[in-house]
Amino acid sequence: LCVQGALSMQSLGWTPKGFYLVVCGSKTSVLSAMGKAAYYVTAYTPWTSSGDYSSTITGYSNAQWASDFEAETGVIPQYQGASTFASLEVMMQAIQDAGVTNGKDTSEVTNAINARSAGDGFGTILSSTPLKFDPTHRGSLPFVVTQYQPIQGQTTGSYATVTSSTITYPMPSWTSSERDT
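Report on the accompanying structure. (Residues numbered from 1 in each chain as written. Predicted model: local features only at pLDDT ≥ 70, side-chain atom pairs only at ≥ 80, totals over all residues. Heavy atoms only, no water.)

### A look at the overall build of the protein
The following threshold applies: Put simply, DSSP H or I for four residues or longer makes a helix, DSSP E for two residues or longer makes a strand, and each gets a number counted from the N terminus. With a 1.4 Å probe rolled over the protein chains alone, any residue whose accessible area is under 20% of its type maximum counts as buried; one over 50% counts as exposed, and the rest are partly exposed. Whether two residues are in contact is decided by their heavy atoms: any pair within 4.5 Å suffices.
Tallying secondary structure elements over the protein gives five helices and four strands in all. When the helices and strands of the protein are placed in sequence order, the string is α-β-α-β-α-α-α-β-β. Here the protein, with 181 residues, has 37% of them falling under the buried criterion. Within the protein, counting contacts between residues at least 6 apart in sequence, those at least 24 apart form 53% of the total.

Rendered as C-alpha coordinates:
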(Lines give C-alpha, C1' and ligand atoms only; values in the text may rest on other atoms or scores of the structure.)
Protein backbone atom coordinates (compact mmCIF):
# COMPACT_ATOMS: atom_id res chain seq x y z
CA LEU A 1 0.00 0.00 0.00
CA CYS A 2 2.78 2.46 0.85
CA VAL A 3 4.65 1.83 -2.39
CA GLN A 4 1.46 1.92 -4.53
CA GLY A 5 0.25 5.12 -2.88
CA ALA A 6 3.55 6.95 -3.37
CA LEU A 7 3.95 5.83 -6.97
CA SER A 8 0.33 6.78 -7.76
CA MET A 9 0.80 10.28 -6.34
CA GLN A 10 4.02 10.65 -8.27
CA SER A 11 2.47 9.47 -11.57
CA LEU A 12 -0.44 11.89 -11.14
CA GLY A 13 1.94 14.76 -10.39
CA TRP A 14 0.32 15.39 -7.00
CA THR A 15 2.93 16.36 -4.41
CA PRO A 16 1.87 16.57 -0.77
CA LYS A 17 3.55 19.15 1.48
CA GLY A 18 4.61 16.31 3.73
CA PHE A 19 4.62 12.55 3.35
CA TYR A 20 4.37 10.69 6.65
CA LEU A 21 4.24 6.89 6.75
CA VAL A 22 3.46 5.28 10.09
CA VAL A 23 4.46 1.63 9.68
CA CYS A 24 6.37 1.42 6.42
CA GLY A 25 8.12 4.79 6.68
CA SER A 26 11.10 3.28 8.44
CA LYS A 27 11.25 -0.02 6.51
CA THR A 28 14.23 0.01 4.17
CA SER A 29 12.69 -2.56 1.82
CA VAL A 30 9.62 -0.37 1.27
CA LEU A 31 11.65 2.80 0.80
CA SER A 32 13.95 1.06 -1.69
CA ALA A 33 10.95 -0.15 -3.70
CA MET A 34 9.60 3.42 -3.79
CA GLY A 35 12.76 4.79 -5.45
CA LYS A 36 12.75 8.60 -5.70
CA ALA A 37 9.21 8.66 -4.36
CA ALA A 38 10.72 7.78 -0.96
CA TYR A 39 12.71 11.00 -0.85
CA TYR A 40 11.46 13.22 1.99
CA VAL A 41 9.23 10.54 3.51
CA THR A 42 9.02 11.24 7.23
CA ALA A 43 8.57 8.53 9.84
CA TYR A 44 8.37 8.11 13.59
CA THR A 45 10.47 5.18 14.78
CA PRO A 46 11.88 3.81 18.03
CA TRP A 47 15.26 3.02 16.37
CA THR A 48 17.35 3.79 13.33
CA SER A 49 20.65 2.23 12.32
CA SER A 50 22.15 5.69 11.82
CA GLY A 51 21.89 6.61 15.50
CA ASP A 52 25.24 7.54 17.05
CA TYR A 53 25.31 5.63 20.33
CA SER A 54 26.86 2.58 21.92
CA SER A 55 25.91 -0.13 24.35
CA THR A 56 27.41 0.15 27.82
CA ILE A 57 26.66 -3.55 28.24
CA THR A 58 28.32 -5.18 25.23
CA GLY A 59 30.42 -2.28 23.96
CA TYR A 60 28.80 -2.57 20.54
CA SER A 61 28.20 0.68 18.71
CA ASN A 62 24.84 0.94 17.02
CA ALA A 63 26.53 1.31 13.61
CA GLN A 64 28.76 -1.74 14.16
CA TRP A 65 25.83 -3.87 15.27
CA ALA A 66 23.81 -2.83 12.19
CA SER A 67 26.79 -3.56 9.92
CA ASP A 68 27.41 -6.98 11.50
CA PHE A 69 23.70 -7.83 11.30
CA GLU A 70 23.59 -6.99 7.60
CA ALA A 71 26.82 -8.90 6.89
CA GLU A 72 25.50 -11.99 8.70
CA THR A 73 21.94 -12.01 7.37
CA GLY A 74 22.17 -10.10 4.09
CA VAL A 75 19.28 -7.94 5.31
CA ILE A 76 19.35 -4.32 6.49
CA PRO A 77 18.30 -4.41 10.15
CA GLN A 78 14.96 -3.04 11.27
CA TYR A 79 13.80 -2.07 14.75
CA GLN A 80 12.63 -5.60 15.59
CA GLY A 81 16.13 -7.04 15.20
CA ALA A 82 17.74 -4.26 17.22
CA SER A 83 15.08 -4.58 19.90
CA THR A 84 15.66 -8.32 20.18
CA PHE A 85 19.41 -7.80 20.54
CA ALA A 86 18.82 -5.08 23.16
CA SER A 87 16.53 -7.47 25.07
CA LEU A 88 19.38 -9.96 25.21
CA GLU A 89 21.71 -7.19 26.38
CA VAL A 90 19.30 -6.32 29.19
CA MET A 91 18.99 -9.97 30.24
CA MET A 92 22.76 -10.46 30.14
CA GLN A 93 23.33 -7.38 32.32
CA ALA A 94 20.55 -8.36 34.74
CA ILE A 95 21.97 -11.90 35.11
CA GLN A 96 25.40 -10.43 35.83
CA ASP A 97 23.96 -7.87 38.27
CA ALA A 98 22.04 -10.62 40.08
CA GLY A 99 25.08 -12.90 40.23
CA VAL A 100 22.95 -15.82 39.05
CA THR A 101 25.15 -18.75 38.11
CA ASN A 102 22.80 -21.71 38.36
CA GLY A 103 20.47 -20.53 35.57
CA LYS A 104 17.43 -21.20 37.75
CA ASP A 105 16.89 -18.23 40.07
CA THR A 106 14.95 -15.92 37.79
CA SER A 107 13.45 -13.89 40.65
CA GLU A 108 16.87 -12.37 41.31
CA VAL A 109 17.20 -11.45 37.63
CA THR A 110 13.81 -9.72 37.74
CA ASN A 111 14.89 -7.89 40.90
CA ALA A 112 18.09 -6.78 39.14
CA ILE A 113 16.10 -5.44 36.16
CA ASN A 114 13.80 -3.54 38.53
CA ALA A 115 16.74 -2.14 40.55
CA ARG A 116 18.64 -0.95 37.46
CA SER A 117 15.42 0.52 36.03
CA ALA A 118 14.96 2.54 39.22
CA GLY A 119 18.53 3.82 38.83
CA ASP A 120 20.66 4.40 35.75
CA GLY A 121 18.84 2.01 33.39
CA PHE A 122 20.42 -0.08 30.64
CA GLY A 123 22.64 1.48 27.97
CA THR A 124 21.74 -0.56 24.86
CA ILE A 125 22.21 -0.18 21.10
CA LEU A 126 18.66 1.22 20.88
CA SER A 127 19.24 4.74 22.10
CA SER A 128 21.57 7.19 23.76
CA THR A 129 18.90 7.34 26.48
CA PRO A 130 19.23 4.41 28.90
CA LEU A 131 16.41 1.88 28.67
CA LYS A 132 14.33 1.64 31.84
CA PHE A 133 11.24 -0.38 32.64
CA ASP A 134 8.25 0.86 34.63
CA PRO A 135 6.56 -1.31 37.29
CA THR A 136 4.47 -3.00 34.57
CA HIS A 137 7.71 -3.78 32.67
CA ARG A 138 7.04 -1.45 29.74
CA GLY A 139 10.16 0.11 28.24
CA SER A 140 10.76 3.84 28.21
CA LEU A 141 12.70 4.71 25.06
CA PRO A 142 12.12 7.92 23.15
CA PHE A 143 11.00 7.77 19.52
CA VAL A 144 12.93 9.45 16.73
CA VAL A 145 11.54 11.43 13.81
CA THR A 146 13.41 10.50 10.63
CA GLN A 147 13.31 11.65 7.04
CA TYR A 148 14.87 10.03 3.98
CA GLN A 149 16.68 12.55 1.81
CA PRO A 150 18.73 12.18 -1.37
CA ILE A 151 22.51 12.17 -0.96
CA GLN A 152 24.11 14.84 -3.12
CA GLY A 153 26.19 13.37 -5.96
CA GLN A 154 25.17 9.75 -5.43
CA THR A 155 23.13 7.45 -7.60
CA THR A 156 19.36 7.46 -7.73
CA GLY A 157 17.91 5.52 -4.83
CA SER A 158 20.61 6.53 -2.34
CA TYR A 159 19.30 8.23 0.74
CA ALA A 160 20.31 9.34 4.17
CA THR A 161 18.34 9.18 7.38
CA VAL A 162 18.25 12.49 9.17
CA THR A 163 16.71 13.47 12.46
CA SER A 164 14.13 16.12 13.15
CA SER A 165 16.72 18.90 13.32
CA THR A 166 17.20 18.86 9.53
CA ILE A 167 13.82 17.77 8.19
CA THR A 168 12.73 19.41 4.93
CA TYR A 169 9.19 20.82 4.91
CA PRO A 170 7.39 21.38 2.68
CA MET A 171 8.94 18.60 0.66
CA PRO A 172 10.06 19.34 -2.93
CA SER A 173 7.65 18.49 -5.73
CA TRP A 174 8.00 15.16 -7.55
CA THR A 175 9.55 17.05 -10.50
CA SER A 176 11.98 19.16 -8.46
CA SER A 177 15.68 19.01 -9.37
CA GLU A 178 16.26 18.48 -5.64
CA ARG A 179 14.95 14.92 -6.14
CA ASP A 180 17.33 14.30 -9.06
CA THR A 181 20.60 14.22 -7.14
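### A few points about the pairing of strand 2 (residues 41–45)
Under the convention used in this document: A pair of strands counts as paired when DSSP detects no fewer than two bridges linking them.
Most of strand 2 is tucked away: four of the five residues are buried. Two strands pair when backbone bridges link them, and strand 1 (residues 19–20) and strand 2 are joined in this way by two bridges, in the parallel orientation. Directly across from Phe 19, in strand 2, lies its bridge partner Val 41.

### Thoughts on helix 5 (residues 106–118)
The criterion, for reference: Between the first and last residue of a helix there are one fewer steps than residues, each counted as 1.5 Å, and that sum is the expected span. Along the arc lie the directions from the helix axis toward the C-beta atoms.
Between the first and last C-alpha of helix 5 there are 19 Å, a value that for 13 residues agrees with the 18 Å anticipated at 1.5 Å per step. If you check which residues of helix 5 are buried, you get Val 109, Ala 112, Ile 113 and Ser 117. In an axial view of helix 5, the angular spread of the buried residues amounts to 130 degrees, which keeps them on one side of the axis. More than 90 degrees from the buried face of helix 5, the exposed residues found are Ala 115 and Ala 118. In this structure, the buried side of helix 5 is in contact with helix 4 (79–98).

### Observations regarding the packing of aromatic side chains
The condition is simple: Put simply, two rings from Phe, Tyr or Trp (the six-membered ring, in Trp's case) pair if the centres are within 6.5 Å, and we call them stacked under 30 degrees between planes, edge-to-face over 60, tilted for the rest.
Evaluated as defined, the whole model comprises four aromatic pairs. Arranged with centres 5.6 Å apart and planes meeting at 80 degrees, the rings of Tyr 60 and Phe 85 form a pair that is edge-to-face. Separated by 25 residues along the polypeptide, Tyr 60 in the loop between strand 2 and helix 3 (62–73) and Phe 85 in helix 4 bring together distant segments of the chain. Each ring, one from Phe 122 and one from Phe 133, has its centre 6.4 Å from the other, and the planes form 65 degrees; the classification is edge-to-face. Remark: Phe 133 occurs in the loop between helix 5 and strand 3 (144–150) and Phe 122 occurs in the loop between helix 5 and strand 3; sequence separation between them is eleven residues. Exposure remark for Phe 122: the relative accessible area of 1% places this residue in the buried category. According to the relative accessible area criterion, Phe 133 is partly exposed, its value standing at 24%. A network of ring pairs unites the aromatic residues Tyr 60, Trp 65, Phe 69 and Phe 85 as a single cluster.

By themselves, these figures tell us nothing about what the structure is for.
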